Amino acid sequence: MQSALQARSKLPDVGTTIFTVIGQLAAQYDALNLSQGAPNFLPDPKLIDGVANAMRAGHNQYAPMAGTGPLRDALAAKVETLYGARYDPASEVTVLASASEGLYSAISALVHPGDEVIYFEPSFDSYAPIVRLQGATPIAIKLSLDDFRVNWDEVSAAITPKTRMIIVNSPHNPTATVFSHADIERLSALTRDTDIVILSDEVYEHVVFDGAKHQSMACYPELAERSVIVSSFGKSYHVTGWRVGYCFAPAELMVEIRKVHQFMVFSADTPMQHAFADALADPSSYLDLSGFYQRKRDLLVRELRDSRFELLPSEGSFFLLARFRHFSDESDSDFVLRLIRDAQVATIPLSAFYTDGTDSGLIRLSFSKDDDTLIEGARRLRAI
Ligand code: GLN
């Protein structure tokens with residue numbers, strides 16, 4: 001169809017997200033897909049039965065705007081048991097139509113035109129565009145290229161009277177680092193006595209390796225009182241396509257977030273909420289996840305031991321960074337294209353997670369795949 005209208009773009013420099021681009025190329029070249037942080041295996045059949053049973057029992061209409069009561073109760077109980085914070089299910093817990101929706105609702109509700117929002121690059125690709133859509137300015141601080149840790153002195157220097165929010169993400173997508181207690185102390189000191197809101201993307205909260213403890217903002221009362229914590233059932237229950245997430249925030253912040261949530265999606269899927277409320281009754285459904293993914297990480301690392309890639313440590317999340325620059329001076333995007341075409345393995349170039357396209361010769365591999373896919377993917381990567 002032809003239109004005489006021209007849309008005046010709000011995001012003129014933004015194209016289609018890298019996950020869609022790489023996914024299409026992977027399909028075109030019939031490549032194994034180690035790119036997206038999405039499992040290629042089935043969830044627990046009990047969870048699927050839970051959804052089907054809820055549908056048959058008639059739970060097919062709008063859920064309450066903030067989420068079903070039993071699910072909000074179960075989430076509040078989980079966060080109190082695991083992290084110690086008490087959130088009122090009535091006013092401080094909201095069920096979302098995905099963690100992505102939560103990021104959007106929180107930023108849109110709390111960030112005003114002219115505000116500045118600090119975040120760290122490389123980063124998940126939605127943060128900066130959402131900030132820009134509010135007429136606010138995203139301030140990217142680069143993680144160290146050696147170990148991808150936050151340089152808190154740089155954060156301190158970047159804070160201005162306009163700083164409204166700092167977005168943090170641990171376990172971190174795409175670098176697989178996790179916050180230490182020292183990070184928490186610096187974040188607390190920098191935000192103390194300010195009106196800065198912390199937006200904490202904790203979607204990999206249950207995927208932390210080698211006995212480390214997830215540093216939720218909900219573990220620290222001083223941080224929790226200025227934080228919006230966003231998380232996702234998709235990552236924890238192998239159902240990223242179901243699009244159900246949740247967030248915790250003090251009532252003063254949540255009241256504003258709900259105003260956006262109610263007009264964007266109104267409510268999240270009803271039958272899924274019933275199934276997740278039942279699933280949460282069994283804590284092993286999320287407590288076993290770190291071990292499950294640690295075995296997958298170890299399998300991929302073992303299978304890539306004899307490859308030419310240098311693997312960076314993966315402390316949590318679904319991801320592993322692999323360095324290729326010592327054996328190829330191709331750009332990371334060209335290298336990824338060659339892997340898809342010649343080796344039939346799809347990965348993500350790390351430059352896609354930088355607004356300025358910083359290329360450090362690294363690719364991101366996702367090990368949220370069945371073991372056969374990981375073994376075959378590694379075999380193909382060893383041939384490079
Ligand atoms: N969070 C997932 C990843 O980083 C997928 C995100 C998406 O496809 N939008 O791979």
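About the cut-offs
Residues numbered from 1 in each chain as written. Predicted model: local features only at pLDDT ≥ 70, side-chain atom pairs only at ≥ 80, totals over all residues. Heavy atoms only, no water. Helix = DSSP H or I, 4+ residues; strand = E, 2+ residues; numbered from the N terminus. Rg over C-alpha atoms; globule rule 2.2 N^0.38 Å. Buried < 20%, exposed > 50% of the residue type's maximum accessible area, 1.4 Å probe, protein only. Contact = heavy atoms within 4.5 Å. Expected span 1.5 Å × (residues − 1). Near = heavy atom within 4 Å. Polar contact = N/O pair within 3.5 Å; in protein donor to acceptor, adjacent residues only side chain to side chain. Areas by Shrake-Rupley, 256 points an atom, 1.4 Å probe, with all protein chains shown as cover. Axes fitted to C-alpha atoms, helices over the stretch in contact; angles between N-to-C directions. Parallel < 35°, antiparallel > 145°, perpendicular 65-115°, else oblique. Left-handed = near helix turned anticlockwise from the far one by under 90°. Arc of directions from axis to C-beta. Pairing = 2+ DSSP bridges. Nonpolar A, V, L, I, M, F, W, Y, C, P; charged D, E, K, R; others polar. Core = buried A, V, L, I, M, F, W, Y, C linked by side-chain atoms within 4.5 Å.

*Asks:* Run through the overall build of the chain, naming residues and quoting values.
*Replies:* In terms of regular secondary structure, the chain is built from 15 helices and 13 strands. The C-alpha atoms of the chain give a radius of gyration of 21 Å, which matches the 21 Å a tight globule of 384 residues would have. Seen through its principal axes, the chain has C-alpha atoms that stretch 55 × 55 × 50 Å. A burial count over the chain gives 56% of its 384 residues as buried. Taking the contacts inside the chain whose residues are at least 6 apart along the sequence as the reference set, 76% of them involve residues at least 24 apart.

*Asks:* Could you give me a rundown of helix H3 (residues 69-83), with the residues and numbers involved?
*Replies:* Helix length check: H3, at 15 residues, gives a terminal C-alpha distance of 21 Å against a target of 21 Å (1.5 Å per residue), a fit within 8%. Contact partners of the buried residues in H3: strand E2 (93-96), helix H9 (233-236), strand E8 (245-248), helix H10 (251-264), helix H11 (270-280) and helix H12 (284-287).

*Asks:* If you had to explain the environment of Arg338 to someone new, which residues and values would you point to?
*Replies:* Secondary-structure assignment places Arg338 in helix H14 (residues 332-343). The exposure class assigned to Arg338 is partly exposed, which follows from its relative accessible area of 28%. Between the alpha carbons of Arg338 and Ile384 there is a distance of 9.9 Å; along the sequence they are 46 residues apart. Ignoring sequence-local partners within four residues, the contact set of Arg338 consists of Ser328, Glu330, Ala343 and Ile384.

*Asks:* Tell me about the site of the ligand, residues and numbers included.
*Replies:* Near the ligand you find Phe19, Gln36, Gly37, Phe124, Asn173, Tyr204, Lys235, Phe319 and Arg364, and these make up its full shell. Gly37 has a polar backbone atom sitting 2.7 Å from an oxygen atom of the ligand. Asn173 is positioned such that a nitrogen or oxygen atom in its side chain is 2.8 Å from an oxygen atom of the ligand. Out of a free accessible area of 300 Å², the ligand has 77% covered by protein chains.

*Asks:* Explain the packing of helix H1 (residues 18-28) against H14 to me, and be specific about the residues and the numbers.
*Replies:* The contact between H1 and H14 brings their axes to 9 Å, and the two run at 30 degrees. Accordingly, the angle class assigned to the pair H1 and H14 is roughly parallel. When you trace H1 past H14, the crossing you get is right-handed. Contacts from Ile22, Leu25 and Ala26 of H1 reach H14 at Val336, Leu337 and Ile340.

*Asks:* So what about helix H2 (residues 45-56)? Which residues, and what values?
*Replies:* The end-to-end C-alpha distance of H2, which contains twelve residues, comes to 16 Å, matching closely the 16 Å that a straight helix rising 1.5 Å per residue would cover. Looking only at H2, the buried set comprises Leu47, Gly50, Val51 and Ala54. The arc that holds every buried residue of H2, seen down its axis, measures 95 degrees, which confines them to one face. The exposed set on the far side of H2, more than 90 degrees from its buried face, consists of Pro45, Lys46 and Arg56. On the buried face of H2, the contacting elements are H11. Among the residues of H2, the N-terminal cap falls to Asp44, whose side-chain oxygen and the backbone nitrogen of Lys46 are separated by 2.9 Å.

*Asks:* Help me get a handle on the side chain of Thr177, residues and values and all.
*Replies:* Take Thr177: it is sitting in the loop between strand E5 (163-169) and helix H7 (181-191). Among residues more than four places away in sequence, those in contact with Thr177 are Asp147, Phe148, Arg149, Pro171, His172 and Glu315.

*Asks:* Give a description of the sheet that holds strand E13 (residues 362-366) that names residues and reports values.
*Replies:* An order of E9-E10-E13-E12 is seen for the four strands of this open sheet, with the pairing classed as antiparallel. Single-partner strands in this sheet number two, and they are strand E9 (310-311) and strand E12 (348-349). For E9 and strand E10 (residues 319-323), the ladder comprises two bridges, and the chain directions are antiparallel. The residue bridging Glu310 from the neighbouring strand is Arg323, located in E10.

*Asks:* Go over the packing of helix H13 (residues 289-303) against helix H15 (residues 371-382) with me, naming the residues and quoting the values.
*Replies:* Following both chains from N to C, one finds H13 and H15 inclined at 25 degrees, their axes separated by 9 Å at the closest point. Taken together, H13 and H15 sit at an angle that is classed as roughly parallel. When you trace H13 past H15, the crossing you get is right-handed. Seen from H13, the contacting residues are Lys296, Leu299, Leu300 and Glu303; seen from H15, they are Asp371, Leu374, Ile375, Ala378 and Arg382. Across the contact of H13 with H15, the residue classes tally to five nonpolar, no polar and four charged.

*Asks:* Give me the nonpolar core: which residues, what numbers.
*Replies:* One finds Val228 and Phe276 to be the most contacted residues of the largest nonpolar core, which totals 123 residues. Once you skip the residues sitting within four places of it in the chain, Phe276 turns out to touch Leu47, Leu71, Phe233, Tyr237, Val239, Trp242 and Val244.

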